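# Per-entry structural report
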Amino acid sequence: STEYGLVVAGRLASRQQGEAVVRLAESLGWPLLPDVSSQVRLGADSESLVAHYDALLANETFVGAHVPEAVLHVGGRSLSKRLEQFLAHSRPDPYVVVRENPFRLDPHHRVTHSFEADVVGFCVALARTSGHALPKNNSWTAGWREASEEAGRRLDELLSSGTEPSEPLVARLISRNIPADHGLVVASSMPIRDLDTYAATDGAPVPVAANRGASGIDGTVATASGFARGLGGPATLLIGDLALLHDLNSLVMLRDLRVVVVVLNNDGGGIFSFLPVSRYKEFFDPYFGTPQGVDFEPAAAMFGLGYEHPGTTNEFMEAYRAACARDGSTLIEVRTDRKENVALHRELLAGISDR
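Presented here is a report on the structure given in the accompanying data block. None of these values were measured; they are calculated from a predicted model.

Right, let's talk about the pattern of salt bridges for a bit. Any two side chains of opposite charge can pair, so long as their charged atoms come close to each other. Overall, the coordinates contain 13 salt bridges when judged by the stated rule. Here Asp-54 makes a salt bridge to Arg-82, at a shortest N to O gap of 2.7 Å. One end of the pair, Asp-54, is in helix H2 (residues 53-56); the other, Arg-82, is in helix H4 (residues 81-90), and 28 residues separate them in sequence. According to the relative accessible area criterion, Asp-54 is buried, its value standing at 5%. On the accessibility criterion, Arg-82 (28% relative accessible area) is partly exposed. When salt bridges with common partners are traced through the structure, they connect Asp-156, Arg-172, Arg-176 and Asp-202 into a single cluster.

Moving on to the nonpolar core. Grouped together as the largest cluster of nonpolar side chains are 58 residues, with contacts concentrated most on Trp-144, Ile-174, Leu-184, Val-262, Phe-316, Tyr-320 and Ile-332. When residues of this core are assigned to their parent elements, the largest contribution, seven residues, is made by helix H6 (residues 138-159). Not counting chain neighbours up to four residues away, the residues in contact with Phe-316 comprise Val-170, Leu-173, Ile-174, Val-262, Pro-310, Ile-332 and Val-334. One finds Val-21, Val-96, Val-119 and Phe-122 within the second-largest nonpolar core, a separate group that totals 25 residues.

This paragraph deals with the pairing of strand S3 (residues 70-74). Within S3, five of the five residues are buried, which leaves the element mostly enclosed by the surrounding structure. Neither face of S3 is left uncovered, since the one carrying Ala-70, Leu-72 and Val-74 and the one carrying Val-71 and His-73 both have all their residues buried. Where strand S1 (residues 5-9) lies against S3, five bridges are found, and the strand directions are parallel. Opposite Gly-5, over in S3, you have Ala-70 as the bridge partner. Both S3 and strand S4 (residues 95-99) contribute to a ladder of four bridges, which runs parallel. Bridge pairing links Val-71 to Tyr-95 in S4. Assessed by its sense of winding, the connection that carries the chain from S3 through H4 to S4 is right-handed.

Topologically, Cys-324 is positioned in helix H13 (residues 313-325). Taking the C-alpha atoms as reference points, Cys-324 and Ala-235, 89 residues apart in sequence, are found 8.6 Å from one another.

Conventions and cut-offs
Residues numbered from 1 in each chain as written. Predicted model: local features only at pLDDT ≥ 70, side-chain atom pairs only at ≥ 80, totals over all residues. Heavy atoms only, no water. Salt bridge = Lys/Arg side-chain N within 4 Å of Asp/Glu carboxyl O. Helix = DSSP H or I, 4+ residues; strand = E, 2+ residues; numbered from the N terminus. Buried < 20%, exposed > 50% of the residue type's maximum accessible area, 1.4 Å probe, protein only. Core = buried A, V, L, I, M, F, W, Y, C linked by side-chain atoms within 4.5 Å. Contact = heavy atoms within 4.5 Å. Pairing = 2+ DSSP bridges. Right-handed = clockwise from strand over helix to strand, strands pointing away.

Below, the structure is given as structure tokens:
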């Protein structure tokens, strides 16, 4: 009977599953927090959708005013660490998890009910019974929704201030401009986190694939190749420089496909620059940052791929659109600076929190 509930869409296998969760959230009248792998984070249109929840949960004032009484999590684990911590501290009861396998999904020991069930069937059945049984709190859902939309507008303002392509901006531009016939493959580490946090909602509702868990950054290019073949169409791959180096020889599999590889080259493991260890310069670069000092133009030439190295945001968009239209695969290399990237991420979250 609670009015203050949340629906979390974790990792889901298909658009059909994602849309079933959207309809369930609408029938409950609860905000929907969609993970980038939920298949409804990109291009979804719903009055329940809260796309920029990860950025909102960096704001302590927002978090304190939006504690849920109940949570319904559908699908696999969500990427957002802020969401995981928020739910752990909120202690919702009930906290329901629904997934199609028997594996445990309760890292903080807060789940009260766990269902192993067909996702679509469960959502349809619950929506049918809950549509008339639960009170609707439009102000609760509207508060989440309006805050998310304002965060999106603020992101556009902040990211449009520079002329050079940054890592959050590239993720947002791809989400907004990816062709409707593409699939999107996102590498681990910062690319998938940037897409989860900064992706726009007004692009095409394309299928999203990502390697998570023990696979780490291995085999990402091969995954993109298999994903494109399975779709029977083109794909975009957003990847970091270390992940591309780990699977460089798989570029050979893209020669007879239409895959646009966008590599964010910050010369190392950019995600580690967000950790406290980055202060210890004598240890950080050789053991965490691991700079390689390479560029990928020779690799593109060796494997017969097109190559672009845009230096401005406009040049990136021109290169990306041309690559999507090309009959073949292209590697677009965007160079960024790790220190500047950390500062930009903090500036973006602070800018959203100020509103």
